[in-house]
Amino acid sequence: MSVKKSYMPPDDVIAAFPEISGNSVNGFGQSEYRQAAPFFWHPPELQPHGGLQAKVLEYLFSQEEVALEFSHVAMGGPVRGPEPVAQSDQRVQRTPQEWSADIKQYGLANEADVVGIAAMRDDYLFEGFQNEHKYIVIVGVAHDYDTMKTAPAYPGNTGSAVEVGRQYNRGARAVSKLRNYILEQGYPATTYPGPMADAINMVPAAIDCGLGELGKHGSLIHRELGSSFRLAALTTDLPLVTDSPDVFGVDAVCSRCQACERACPPRAIYSEKQMVRGTAKWYVDFDKCIPFFAEAYGCAACIAACPWSIPGVADNLLNKLARRKAREGED
């Protein structure tokens, strides 16, 4: 796709927008805290953008190779992981420390690239959803950098879109295998893979699991994987030890960096933090983003442009941040 300096969204996508702004649904500009409302990727009957979702999926599925990868989301099967096994009626007894080390090791041995644990909280749930489990486990799966750096996709160059679907499916397999392992130990577990949304609001949970900080482009930035990875979740009552957020200086970089802003064809990325449901955070304008997202079969231009995602750059950025912090401490 040839990206013009002044992007003009397609008429059929604009026509599919409901009267309510997606930014309003997301809580943009709202100074009071509330749970996140069901949004664009939830089932159409739960949110106002169902017609827009159908139009975006129409674009996505217009490319055979992209449709083939994403069809597994609806069809399931081995690409998305094994079916749930029966929960054992005999609970294996271990300490929370032992269980935490065990499931992290199991996850990493079964397709996850990173694994984190947090205690369940209401703000990890979308409004109207329930989950009574005590803990949430988030796994991250990395994209292939050489494939993703070609984003945004266009006809004849859909590799980045296929890669996104491929990693969503890998994440689904990782949490499905981990769920079955936990069930076999006698504890309940429920999976929440992407890309379609369900009960779990994964980004705040992933932050508390220590899987990164929120970047200017609205995606997580992990200290090793950068921006180029996908999430999947499971919840459980297995006794676990929780991780802590990993704060390593993303804000200091994002406040100065404009790479994702410049790479975004519809100019949907704000240069400063915005108030969203009572919290100042980096935010991407949904209404501006989604038309190009449709045309580019998932886009990901901002992820491809993010310097954190370039192999080897994360270490350099972390070293620069450490030196800057040391200098500030001397002043």
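Before reading on, note that the structure itself is shown above.
Cut-off values and rules
Residues numbered from 1 in each chain as written. Predicted model: local features only at pLDDT ≥ 70, side-chain atom pairs only at ≥ 80, totals over all residues. Heavy atoms only, no water. Pairing = 2+ DSSP bridges. Helix = DSSP H or I, 4+ residues; strand = E, 2+ residues; numbered from the N terminus. Axes fitted to C-alpha atoms, helices over the stretch in contact; angles between N-to-C directions. Contact = heavy atoms within 4.5 Å. 1 Å grid on protein atoms, 1.4 Å probe; cavity = no way out; pocket = protein on both sides within 12 Å on 5 of 7 lines; lining within 4 Å. Points joined across faces, edges and corners; volume = space filled by probe spheres on them. Nonpolar A, V, L, I, M, F, W, Y, C, P; charged D, E, K, R; others polar. Core = buried A, V, L, I, M, F, W, Y, C linked by side-chain atoms within 4.5 Å. Buried < 20%, exposed > 50% of the residue type's maximum accessible area, 1.4 Å probe, protein only. Salt bridge = Lys/Arg side-chain N within 4 Å of Asp/Glu carboxyl O. Parallel < 35°, antiparallel > 145°, perpendicular 65-115°, else oblique.

(A) The sheet that holds strand S3 (residues 189-192), seen in detail. Strands sit in the order S1-S2-S6-S3 across an open sheet of four strands; the sheet is antiparallel. Whereas interior strands pair on both sides, the edge strands pair on one side only; in this sheet they are strand S1 (114-119) and S3. Adjacent strand axes in the sheet meet at a mean angle of 25°, parallel and antiparallel pairs treated alike. Bridge count for S1 against strand S2 (residues 135-142) is six bridges, and the pairing is antiparallel. Residue pairing for S2: Ile 117 is matched across the bridge by Val 137. Lying over the sheet, helix H5 (residues 96-109) contacts S1 and S2, oriented at roughly 145° with respect to S1. Contacting S2, S3 and strand S6 (229-236), helix H7 (residues 159-184) crosses the sheet at an angle of about 20° to S6.

(B) Focus on the layout of surface pockets. Estimated volume of the second largest pocket: approximately 290 Å³. Looking at the lining of the second largest pocket, the elements that each hand over two or more residues are helix H4 (64-75), H7 and S3. No other element matches the three residues that H7 contributes to the lining of the second largest pocket. Per-class residue counts for the lining of the second largest pocket are seven nonpolar, seven polar and four charged.

(C) Structural view of the nonpolar core. If you look at the biggest cluster of nonpolar residues, it comprises 34 residues, and the most contacted ones within it are Phe 40, Leu 52, Phe 286 and Ile 290. Counting residues per element, the ones that place at least two in this core are helix H3 (50-60), H4, H7, helix H11 (286-295) and helix H12 (301-305). Ranked by the residues each element gives to this core, the list is headed by H3, at five residues. With sequence-adjacent residues up to four places away left out, Leu 52 is seen in contact with Val 13, Ala 16, Phe 17, Phe 40, Phe 286 and Ile 290. Ranked by size, the runner-up nonpolar core spans 24 residues in total, among them Tyr 124, Ile 136, Ile 200 and Met 202.

(D) Geometry of the pattern of salt bridges. Following the criterion strictly, the structure yields 14 salt bridges and no others. Taken together, the shared-partner salt bridges in this structure form one network comprising Asp 12, Lys 55 and Glu 58.

(E) Region of the structure containing empty space enclosed by the protein. Overall, the coordinates contain one cavity of 30 Å³ or more when judged by the stated rule. As for the largest cavity, its lining consists of Lys 216, His 217, Ile 221, Val 253, Cys 254, Cys 257, Gln 258, Ala 259, Cys 260, Cys 306, Pro 307 and Trp 308. Those elements giving two or more residues to the lining of the largest cavity turn out to be helix H9 (250-254) and helix H10 (259-263). Split into classes, the residues belonging to the lining of the largest cavity amount to nine nonpolar, two polar and one charged.

(F) Highlighting the side chain of Gln 63. Following the sequence through the fold, Gln 63 ends up in the loop between H3 and H4. Look past the residues within four positions of Gln 63 in its chain and what remains in contact with it is Pro 155, Thr 158 and Tyr 297.

(G) Region of the structure containing the packing of H3 against H11. Orientation of H3 relative to H11, taken along the N-to-C sense of each, is 30°, at an axis distance of 7 Å. Compared by their axis directions, H3 and H11 come out roughly parallel. Residues Leu 52, Val 56 and Tyr 59 of H3 pack against Phe 286, Ile 290, Phe 293, Ala 294 and Glu 295 of H11. Taken together, the residues that form the contact of H3 with H11 break down as seven nonpolar, no polar and one charged.

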